[in-house]
Amino acid sequence: MGLFGKKKRSTPDDQTLSLYYASDVHGSDQCWRKFLGAGRFYGVDALVMGGDLTGKAIVPIERNGDGSFKATFLGEVRRGNSERQLDELLDAVRYNGMYPWISTADEIAAHSADLDAQSELFDSVIVEELRRWITLADERMAQYGIDVYVMPGNDDPWSCDAVIEHASHVVACDDRVVRVGEHEMISCAYANPTPWDSPRELDEDALYKRIKALADQVEAPESAIFNLHVPPYDSGLDTAREINKNLEIVFKSGAPHEIPVGSTAVRQIIEEYQPALALHGHIHECRGDAQIGRTLAINSGSEYNSGRIHGVTVAMASDRVLSHQFVIG
Amino acid sequence: MADTQPATAPPAADTKSSGLFVRNATGLVRGVPAKSSIIINFIPGHPTQTLAAVFFFALTLAPGGNVYLGILLVIPMVLAFSYAFGLLTSMIPRSGGDYVLVSRVIHPVAGLMSSFCITMAGLLSNAFFGLAFVTVGLGPGLTGIGLIGHNHTLVKWGTTLSNSHKWQFIFGGLMMVAAGLIMTGGWRRVLRIQNTLFWMVTGSLIVCGLVALFTTHSTFIHNFNNFARPYTHSSDTYGSVIAAAHKNGVNTNPAFSFSSTIPVIGILATTAIFSYWTTFVGGELRQGSSRKTANNMALGGTLSLAAVVIFGFIFFRTFGHSFEIAANSGNMPAAISIANTPFFFLISASLGSTIFAIIVFVCYIVFWPLIMYISMLQQTRMLFAYSFDGILPKRVTTVSKAGSPYIAVLIAVIGSLIVLYWGIHSSSFFQILAYATLIQLVGMMIVGLTAAVVPWRRAQLYRASAAQFKILGIPAVVVAGVAAVISGLIIWIVYLHYSALGISDKTKFFTFVAVTLGLAVLYYIAAKLIRRSQGVDIDLAYAEVPPE
């Protein structure tokens, strides 16, 4: 083992694929555009997006007849009366992975009191934004000749799927086997149950069956990539604070209680099939890698609202990972 | 799922108060309450340590200096550093502190320079804590308990510990290992121990403060004389301490002097200006991207100084200003002489209770592993950040099942032991403290510079952050950054001007700074070359991807 953990020097001839993986951009326009920019920047063959594309919050911006506006953002009330100030606020909201919604005080008040109306509003803004993202990816990545693989994550509403499926260059990879260079890749957007009851959750048995059905279709598991949104249980890639049913952090002895929250099904699948590489997201604070048998499992982590995209570049040989590097772009 | 950064969007129940619409999605949780963050930021300037510095250094090195005025002058510096670090951390809420902030905004080499300086300061501080644990903690504590309880063996042990290099290294080293062990159990256990130790130390201070508050000055004199009589055979030991000082040329009632107040700023700077410590663990404590990150740093720093004022006032009133000056100038009778004449000793002596002395001593002594652990947060998180960027072996980031970064902890402990050995055998108490303070200020000034340029270097990040607010039309982060640089320069000038504060050989000191900065550059070049030979470009770890 060398000083920096490299087992042996590899020649470029070994390399069959270079890819950039990121996940959990959660509506950050900046991170999505950086994800696309990563292809040329890092000089990779393929880009893989591991899910959770969409934002979690809408920032209502109250616009008055005189052009002035007011919004509460990052805990502060922001006011202004010029188009330039408004544009700055819109950029800031999108930068942080939220969706701006400009409306009147009455409309905002009406939506505040009506969860169904909020839900409709979310669907509308999410689809609109995602369509814009996918169009940008189709246009630019086709031009550069970089393959792009995108799947939703457990947080993404079902309305996202159609937008991704209708892409022209972007490959919708969820719930199927696709080829990334000479490597087979399976993808699964589902997570094991969370306290939030997010759109795509399955109990461990169902999740195992779903992934196994995909893994059984893989011809050469030893060279395959398993792109599974949720990380394997108790792998060090899945430690998070325990949340109670009120969505509050559980404290024990005055400190947040941390527990593994990954999927036992995912762990079992990796242990059974031993792919060359397993890519994960979902637990933002658990950026890192873990060796599970011969499989290198990676969680790229996420800090989407910092405007920097967390990702990892991976160089692969036919049946193993040659090298990988965590990057923050 | 759960976010590294603080959840900016609250759960649905909070929609009305936040002004946001949120949907069912993972990660929408409230962050850790401010308590842990404020405690971490409070500890470096904890009044137990700052009062010791004031009593031990300020009264003797700066006679005529006004401690309260000094505190007043230091508060703007505390705020400057707190908001420079805090606002930057709110913009880049990651663990790793100054290294992450500077490398992402200015350049990785600048980040390493800052980081090397602050790490070097951390190791020097650890050496100081190890030394102080024995020489102003364990030794005086045992001596004090022995004197109050008339136990000659304890007195002898305390004296031996305070004066023996061998025992200083052994017990200082053991304390370091104990602090390292605190960190080997994962965050949950760490925070539990941290809060327990914090409340032990703070509780002992509060109890001593309350006893002092309800003890009149004349009662204290009476009690102290009663305590000392068996040793000094004098009915007025209190008066004889002051008389001895006068005889030795010490002015125990010096007139106020502003020029003597200036070095007090330097002395206070050894403890009071480091209330930005959550910057090193910001990504873990979910203090994140709101202004609360900076506010909690400022609150931690100002609260600790406020406590110094309150307890300082109480102790000065009860013990007497002249007596404190005389006692700390080496004029206590040899039979009852204790380094630093700690407040817990005087209070216990006044009460004449051995049990009380033992309790407050035990609660006081845990301050040193507590502050040592706080200091080590910087080193361990820095090592993690290096490793993630590919400039340290990945194995450094190995964590135990409980989530403890035990290899990083081991590195920090070993590094600290080496510096402790150097500190004991090759330097002086003052010099360690002065070097630690000034080299740390280099890193802090680099962070100040980073804050001053961030609205232009990372314009989009700045505009999208909660740090985007202005003071008199100037971005607050710029104001804080410039003020931090100016504050750092002022403290540097104070130290270079007053050689009694520990910088007697300026050439040696500047060489030390230059070598530290040079090592940072060399380290970057070496890491880059090694990684390049492995086919990895570490510049990519730092480089910002141009958005499409």
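Nothing here was measured: the structure is a model prediction, and the numbers come from that model.

Student: What is the right way to read the overall build of chain B from this model?
Tutor: A count of helical and extended segments in chain B gives 24 helices and three strands. Against the globule reference of 24 Å for 548 residues, chain B gives a C-alpha radius of gyration of 24 Å, in line with a compact fold. Seen along its three principal axes, the alpha-carbon backbone of chain B occupies a region of about 85 × 55 × 50 Å. The burial tally for chain B puts 61% of its 548 residues in the buried class.

Student: Looking at this structure, I do not really get the confidence of the model for chain B. What am I missing?
Tutor: Any segment with low pLDDT has predicted coordinates that should not be analysed in fine detail. Residue and element names in this part refer to chain B. With 90% of its residues at a pLDDT of 70 or more, chain B shows a mean pLDDT of 86. Segment residues 1–16 is flagged for pLDDT under 50; beyond a separation of four residues in sequence, or across chains, it makes 62 contacts in the model. Predicted confidence is poor over residues 28–32, with pLDDT under 50, and the contacts of this stretch with residues over four places away or in other chains come to 27 contacts. Among the scores for the predicted complex, ipTM is 0.83 and pTM is 0.79.

Student: Before we go on, may I ask you to explain the environment of B:Phe81 in this structure?
Tutor: For B:Phe81, the position within the fold is in helix H4 (residues 67–91). Filtering out sequence-adjacent residues up to four positions away, B:Phe81 remains in contact with B:Ile273, B:Tyr276, B:Met444, B:Ala484 and B:Ser487.

Student: Honestly, the nonpolar core in this entry has me stumped. Any pointers?
Tutor: Nonpolar side chains tend to gather and get buried jointly when the protein is soluble and globular. Counting 294 residues, the largest nonpolar core has A:Leu47, B:Ala84, B:Leu87, B:Leu88, B:Ala451 and B:Ala484 as its most contacted members. In terms of residues, this core owes the most to one element, helix H6 (residues 108–149) of chain B, which gives 23 residues.

Student: Which parts of the structure should I look at to understand the pairing of strand E5 (residues 76–80) of chain A?
Tutor: Residues and elements named next belong to chain A. Across five bridges, the pairing between strand E4 (residues 69–73) and E5 is antiparallel. Bridge pairing in E5 links Phe 69 to Gly 80. Where E4 folds back on E5, the antiparallel hairpin that results is connected by two residues, among which Leu 74 adopts a positive phi of roughly 50°.

Student: Would you explain helix H2 (residues 34–42) of chain B in this entry?
Tutor: An α-helix turns once every 3.6 residues. As a result, residues three or four positions apart point the same way. Buried residues dominate H2(B), accounting for seven of its nine residues. Inspection of H2(B) places B:Ser36, B:Ser37, B:Ile38, B:Ile39, B:Ile40, B:Asn41 and B:Phe42 among the buried residues, and these make up the whole buried set.

Student: I'm lost on helix H7 (residues 152–163) of chain B in this one. Help?
Tutor: All names here are of chain B. Helix length check: H7, at 12 residues, gives a terminal C-alpha distance of 17 Å against a target of 16 Å (1.5 Å per residue), a fit within 8%. Within the span of H7, buried status applies to Val 155, Gly 158, Leu 161 and Ser 162. Projected down its long axis, H7 shows its buried positions confined to an angular sector of 130°, all on one face. The exposed set on the far side of H7, more than 90 degrees from its buried face, consists of His 152 and Thr 153.

Student: Explanation requested: the sheet that holds strand E17 (residues 288–292) of chain A in the structure shown.
Tutor: Adjacent strands of a sheet form backbone hydrogen bonds with each other and so pair up, either parallel or antiparallel. All names here are of chain A. Strands sit in the order E9-E10-E11-E16-E18-E17 across an open sheet of six strands; the sheet is mixed. Unpaired on one side and paired on the other, strand E9 (177–180) and E17 mark the two borders of the sheet. Sheet twist, expressed as the mean angle between neighbouring strand axes with direction ignored, is 25°. Taken strand by strand, helix H6 (residues 204–215) contacts E9, strand E10 (183–188) and strand E11 (225–228), and its axis lies near 160° from that of E10.

Student: What am I meant to see in unusual backbone geometry here?
Tutor: A negative phi angle characterises most non-glycine residues, just as the trans form characterises most peptide bonds. You will see that A:Asp24, though not glycine, has its phi angle at about 55°, which is positive. Structurally, A:Asp24 can be placed in the loop between strand E1 (17–22) and helix H1 (29–42). Look at A:Asp24 and you get buried, because 31 C-beta atoms sit within 10 Å. In this structure, B:Leu472 is a non-glycine residue whose phi angle is positive, near 55°.

Student: I keep staring at the packing of H6(B) against helix H17 (residues 354–365) of chain B and nothing clicks. Help me out?
Tutor: If you want to describe how two helices pack, look at the angle between their axes and the distance between the axes. Residue and element names in this part refer to chain B. Orientation of H6 relative to H17, taken along the N-to-C sense of each, is 175°, at an axis distance of 9 Å. Overall, the two elements H6 and H17 adopt an arrangement that is roughly antiparallel. Contacts between H6 and H17 involve Gly 137, Leu 138, Gly 141, Gly 144, Ile 145, Ile 148 and Gly 149 from the former and Thr 354, Ala 357, Ile 358, Phe 361, Tyr 364 and Ile 365 from the latter. Within the contact of H6 with H17, the residues separate by chemical class into eight nonpolar, five polar and no charged.

Student: What should I look at first to understand the pairing of strand E20 (residues 321–328) of chain A in this one?
Tutor: Both faces of the sheet carry side chains from a regular strand, because those side chains alternate between them. Residue and element names in this part refer to chain A. The buried count for E20 comes to seven of eight residues, which makes it a mostly enclosed element. Bridge count between strand E19 (residues 310–316) and E20: seven bridges; the pairing is antiparallel. Pairing of Val 312 across the sheet is with Phe 326, part of E20. The hairpin turn running from E19 into E20, its antiparallel successor, is four residues long.

Student: How should I be thinking about the sheet that holds E20(A) in this particular structure?
Tutor: Residue and element names in this part refer to chain A. Taken in spatial order, the six strands line up as E8-E7-E2-E1-E19-E20 in an open sheet, and their pairing is mixed. Looking at strand neighbours, the two that pair on one side only are strand E8 (171–172) and E20, the edges of this open sheet. Both E1 and strand E2 (residues 46–49) contribute to a ladder of four bridges, which runs parallel. Its bridge partner lying in E2, Leu 19 is registered against Ala 46.

Student: Hey, could you run me through the packing of H6(B) against helix H19 (residues 406–426) of chain B in this one?
Tutor: Residue and element names in this part refer to chain B. Between H6 and H19, the least distance of the axes is 8 Å, while the angle of their chain directions is 65°. Between H6 and H19 the crossing geometry is right-handed. Residues Leu 123, Leu 124, Asn 126, Ala 127, Phe 128, Gly 130 and Leu 131 of H6 form the contact with H19, whose own contacting residues are Gly 415, Ser 416, Val 419, Leu 420, Gly 423 and Ile 424. Residue classes in the contact of H6 with H19 are distributed as eight nonpolar, five polar and no charged.

Student: Teacher, can you tell me more about the environment of B:Met445 here?
Tutor: All names here are of chain B. Following the sequence through the fold, Met 445 ends up in helix H20 (residues 429–457). On the neighbour-count criterion, Met 445 (23 C-beta atoms within 10 Å) is buried. Separated by 407 residues in sequence, Met 445 and Ile 38 place their C-alpha atoms 23 Å apart.

Student: Looking at this structure, I do not really get the confidence of the model for chain A. What am I missing?
Tutor: Per-residue confidence for chain A gives a mean pLDDT of 90; residues scoring 70 or more make up 93%. Long-range and interchain partners of residues 1–11 of chain A, a stretch whose pLDDT sits below 50, account for 15 contacts in this model, where long-range means more than four residues apart.

About the cut-offs
- Residues numbered from 1 in each chain as written.
- Chains lettered and ligands numbered in written order.
- Predicted model: local features only at pLDDT ≥ 70, side-chain atom pairs only at ≥ 80, totals over all residues.
- Helix = DSSP H or I, 4+ residues; strand = E, 2+ residues; numbered from the N terminus.
- Rg over C-alpha atoms; globule rule 2.2 N^0.38 Å.
- Buried ≥ 20, exposed ≤ 12 C-beta atoms within 10 Å, placed from the backbone.
- pLDDT = per-residue confidence, 0-100.
- Contact = placed C-beta atoms within 7 Å.
- Core = buried A, V, L, I, M, F, W, Y, C linked by C-beta atoms within 7 Å.
- Pairing = 2+ DSSP bridges.
- Expected span 1.5 Å × (residues − 1).
- Arc of directions from axis to C-beta.
- Axes fitted to C-alpha atoms, helices over the stretch in contact; angles between N-to-C directions.
- Parallel < 35°, antiparallel > 145°, perpendicular 65-115°, else oblique.
- Nonpolar A, V, L, I, M, F, W, Y, C, P; charged D, E, K, R; others polar.
- Left-handed = near helix turned anticlockwise from the far one by under 90°.

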